[in-house]
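Each chain is listed here by its residues.
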Amino acid sequence: MTNQSTVVDLRLSSKRVVGKPVKLPTVLACSGSDSSGGAGIEADIKSITAFGCYALTAITSLTAQNTKGVTSIENTDPKFFEEILEANFEDIEIDVVKTGLLNPESSRLLLKFLDKYHKGKPFVLDPVLVATSGSMLADQHELGFTIDSHFKKATIITPNFEEACVIYSYLKKLKTVDELGEIETLEDLKGMAKFIQQTTHCNSVLLKGGHIPWNRNEQLVKKKGGDPAYITDILYQGHLDKFTVIKTDYLTSSGTHGSGCTIAASIAANIARSLKIEDAVISSIRYVHQAIFGADETLGQGKGPLNHVFHISPPINGTSAENNFLPFYPGHFLDYLLEHPLVSPIWKNYINHPFLENVATNKLAKNRFIHYICQDYVYLASYARVHGLAAGVAPDIESIKAEAHIIDSIMEEMHRHKDVLNSRGIVKLDELRPSKACKQYSDYLLNIAKTSDWVAIKIALAPCIFGYYYAAIYARSFIKDEADVDEEFLNWINTYTGDWYKDAVDEARQSLESHMQAVSPVQLAELVKIFADVCQLEVNFWTSPMELPEQDL
């Protein structure tokens, strides 16, 4: 009998293999180790890696713990911890430092290294006092030193509700947390977050609300009862005096161990990737939410771990393999797209384009605006045709119906453009010719429609319908008094913030989201590229009327 033998050749065809230069953002995680793998430094490494960053570590303590609680803590020898910090800082440029569980010795040593190597750079502080499992993890008497010395250096601190109450009580000089009084409303929580920021002088506070869900009547379950419906996290940015309230569905799951460590490490990674604080927080909350949704609830007898690799894990919880390979929660595909690093910067250039501010502030010359309306009329005719082609390959009757409704909305939009142009004496609209930017955009859409499937066509069409809604909202942010805005300009802005357009946007999203769970990882990468390409075409479309020479208008 002959033994079978297989050779798998993974060499590249080129004789000389040269790697593409890569610059990985770096995050140093200073925290305790969780022997069960769900929280602490282990959660930090997984989260930082999941966001495409390089994780360095400085372990402050070893813990004997599992999903049921912490049984023992052994602190790292201070001299050895100092050697760890020195080894990391003197060798690798660290973009962000993130802390979790600190003991008195590690806390003071870290302070020394922050001043020596990391002054003025991003610092994410998770004031770990209470684990998701309910166990106390730190000596509260040490809290005062941390508040007085570390908080003022922090880019953001991320206490959960119980930790925020302990911090708030200390700052208010109360003897116990019980003296706080009732915290019952969103305004109470916002007040707590703002007071902590203003008193400690950290840059921002994220008050995590995972321990205090709200019912459908927008009341705290722990105070008013009822079934948990959603979670509210509150971000307060002191330098902007701005609150951001993030609401997510309440998930009934035992897979929440390490959620606090995960969100702080994710925020640190996102900051290292150059995201703004608000964007970093929102992206991280969504990641944690999806990691809880994809958790394996058979791990452990208590509060089990999140699934930090939900996007590459095998099928669990009865969902399909396709679902578990996708890095977004059902119904949140568009959110995933808009936060994707390939899409996000182009999307922001699109919906925050200078064209919009110029329209809202009457700075755009009228002949350039009319040129834009002419080109948009030409473009919308092609846009409607592509929706018609999409209807022809739609997977079901509901999708065909949705395409018909969108085409009706496009016809309404074209009718409004026609009224503007007719009032200017431009009546032979069939004779309008596309500009270079308009032709490139229309040709791209038509090529996708002729060569791709329904999902790809929908993605190519998506930036227009969704983007104009967000862009119009951005334009309105410059308007203090509508009476000061040119009537044609104001009517154009109001077109895309009106109820009829919002309804079209909602229907388009519902149609898109309902079909996104079946795409493959390879197809997902292609869809992201298409969406980014079209966003850039939208940017070019608005840039064109602003930069064209007068003789070409």
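Quick caveat, the model's predicted, so the values are computed rather than measured.

Draft legend 1. The overall build of the protein, seen in detail. Of regular secondary structure, the protein possesses 20 helices and nine strands. Scaling as 2.2 N^0.38, a compact globule of 553 residues should have a C-alpha radius of gyration of about 24 Å, and the protein matches this with 27 Å. Considered along the principal axes of its C-alpha atoms, the protein spans approximately 85 × 80 × 50 Å. For the protein, restricting intrachain contacts to residue pairs at least 6 apart in sequence, the fraction spanning at least 24 positions comes to 74%. As displayed, the protein has an accessible area near 26,100 Å², and 52% of this comes from carbon and sulfur atoms.

Draft legend 2. Quick look at the confidence of the model for the protein. Per-chain confidence: the protein averages 87 in pLDDT, with 92% of residues scoring 70 or above. In this model residues 131-137 is a low-confidence stretch, pLDDT under 50, and it forms 22 contacts with partners more than four residues away in sequence or in other chains. Every residue in residues 313-324 scores below 50 in pLDDT, and together they form 22 contacts with partners more than four places removed in sequence or on other chains.

Draft legend 3. Spatial organisation of the pattern of salt bridges. Tallying each qualifying case throughout the model produces 25 salt bridges. Lys 23 is paired through a salt bridge with Asp 95; the nearest N and O atoms lie 3.9 Å apart. Taken as a pair, Lys 23 in the segment before strand 1 (26-34) and Asp 95 in the loop between helix 2 (78-91) and strand 4 (96-99) lie far apart in primary sequence, 72 residues in all. With a closest N to O distance of 2.4 Å, Arg 286 and Glu 339 form a salt bridge.

Draft legend 4. Geometry of the domain arrangement of the protein. Taken domain by domain, the protein consists of domain 1 (26-294) and domain 2 (333-547). Domain 1 and domain 2 are separated by 40 Å when their C-alpha centres are compared. If you look at the interface, domain 1 gives five residues, while domain 2 gives four residues. Looking at the side of domain 1 facing domain 2, the largest losses of area belong to Arg 273, Asp 279 and Arg 286, adding up to 81% of the total buried there.

Draft legend 5. Layout of the sheet that holds strand 3 (residues 69-75). Strand order in the open sheet formed by nine strands is 3-2-1-4-5-6-7-8-9, with mixed pairing between adjacent strands. With partners counted over all chains shown, the strands left at the sheet margins are strand 3 and strand 9 (242-249), one partner each. The sheet strands contacting helix 3 (residues 104-117) are strand 1, strand 2 (54-66), strand 3, strand 4 and strand 5 (123-125), and the helix crosses strand 4 at an angle near 170°.

Draft legend 6. Looking closely at the packing of helix 15 (residues 397-423) against helix 17 (residues 454-476). Running from N to C, helix 15 and helix 17 point in directions that differ by 30°, and their axes come no closer than 14 Å. Taken together, the axes of helix 15 and helix 17 lie roughly parallel to each other. Of the two possible hands of crossing, helix 15 and helix 17 adopt the one that is left-handed. Contacts between helix 15 and helix 17 involve Ser 399, Glu 403 and Ile 406 from the first element and Trp 454, Lys 458 and Ile 465 from the second. For the contact of helix 15 with helix 17, the class distribution of residues is three nonpolar, one polar and two charged.

Draft legend 7. Region of the structure containing the side chain of Lys 190. Among the secondary structure elements, Lys 190 is positioned in helix 6 (residues 186-200). You can call Lys 190 buried: its relative accessible area is 17%. Apart from the residues within four sequence positions on either side, Lys 190 is in contact with Ile 234 and Phe 243.

Draft legend 8. Looking closely at the environment of Val 455. As for its position among the elements, Val 455 is in helix 17. Each C-alpha atom of the pair Val 455 and Leu 512 lies 7.9 Å from the other, and the pair is 57 residues apart in sequence. With residues near it in sequence (within four places) discarded, Val 455 still touches Met 516, Val 519, Gln 523 and Leu 527.

Draft legend 9. Summary view of the UniProt feature "domain: Thiaminase-2/PQQC" (unreviewed entry) in the protein. Sites flagged by UniProt as "domain: Thiaminase-2/PQQC" (unreviewed entry) map to residues 341-545. A helix fraction of 77% and a strand fraction of 0% characterise residues 341-545, whose end C-alpha atoms lie 28 Å from each other.

Draft legend 10. Quick look at the pairing of strand 7 (residues 204-207). Burial along strand 7 is two-sided: the residues Ser 204 and Leu 206 and Val 205 and Leu 207 are all buried. Inspection of the sheet shows strand 6 (residues 156-157) paired to strand 7 by two bridges, in the parallel sense. The residue of strand 7 that forms the bridge with Ile 157 is Val 205. Examined bridge by bridge, strand 7 and strand 8 (residues 230-237) share four bridges and lie antiparallel to one another. Paired with Leu 206 across the two strands is Leu 235, which belongs to strand 8.

Draft legend 11. How the structure looks around the environment of Leu 338. Tracing the sequence through the fold places Leu 338 in helix 11 (residues 333-339). The exposure class of Leu 338 is buried, given its relative accessible area of 15%. For the pair Leu 338 and Phe 531, spaced 193 residues apart in sequence, the C-alpha to C-alpha distance is 9.2 Å. Apart from the residues lying within four places of it in its own chain, the contact partners of Leu 338 are Val 343, Ser 344, Trp 347 and Phe 531.

Rules behind the numbers
- Residues numbered from 1 in each chain as written.
- Predicted model: local features only at pLDDT ≥ 70, side-chain atom pairs only at ≥ 80, totals over all residues.
- Heavy atoms only, no water.
- Helix = DSSP H or I, 4+ residues; strand = E, 2+ residues; numbered from the N terminus.
- Rg over C-alpha atoms; globule rule 2.2 N^0.38 Å.
- Contact = heavy atoms within 4.5 Å.
- Areas by Shrake-Rupley, 256 points an atom, 1.4 Å probe, with all protein chains shown as cover.
- pLDDT = per-residue confidence, 0-100.
- Salt bridge = Lys/Arg side-chain N within 4 Å of Asp/Glu carboxyl O.
- Domains from an automatic or database assignment.
- Buried area = accessible area lost by both parts, 1.4 Å probe.
- Pairing = 2+ DSSP bridges.
- Axes fitted to C-alpha atoms, helices over the stretch in contact; angles between N-to-C directions.
- Parallel < 35°, antiparallel > 145°, perpendicular 65-115°, else oblique.
- Left-handed = near helix turned anticlockwise from the far one by under 90°.
- Nonpolar A, V, L, I, M, F, W, Y, C, P; charged D, E, K, R; others polar.
- Buried < 20%, exposed > 50% of the residue type's maximum accessible area, 1.4 Å probe, protein only.
- UniProt positions renumbered as here; feature names shortened; annotations may be inferred.

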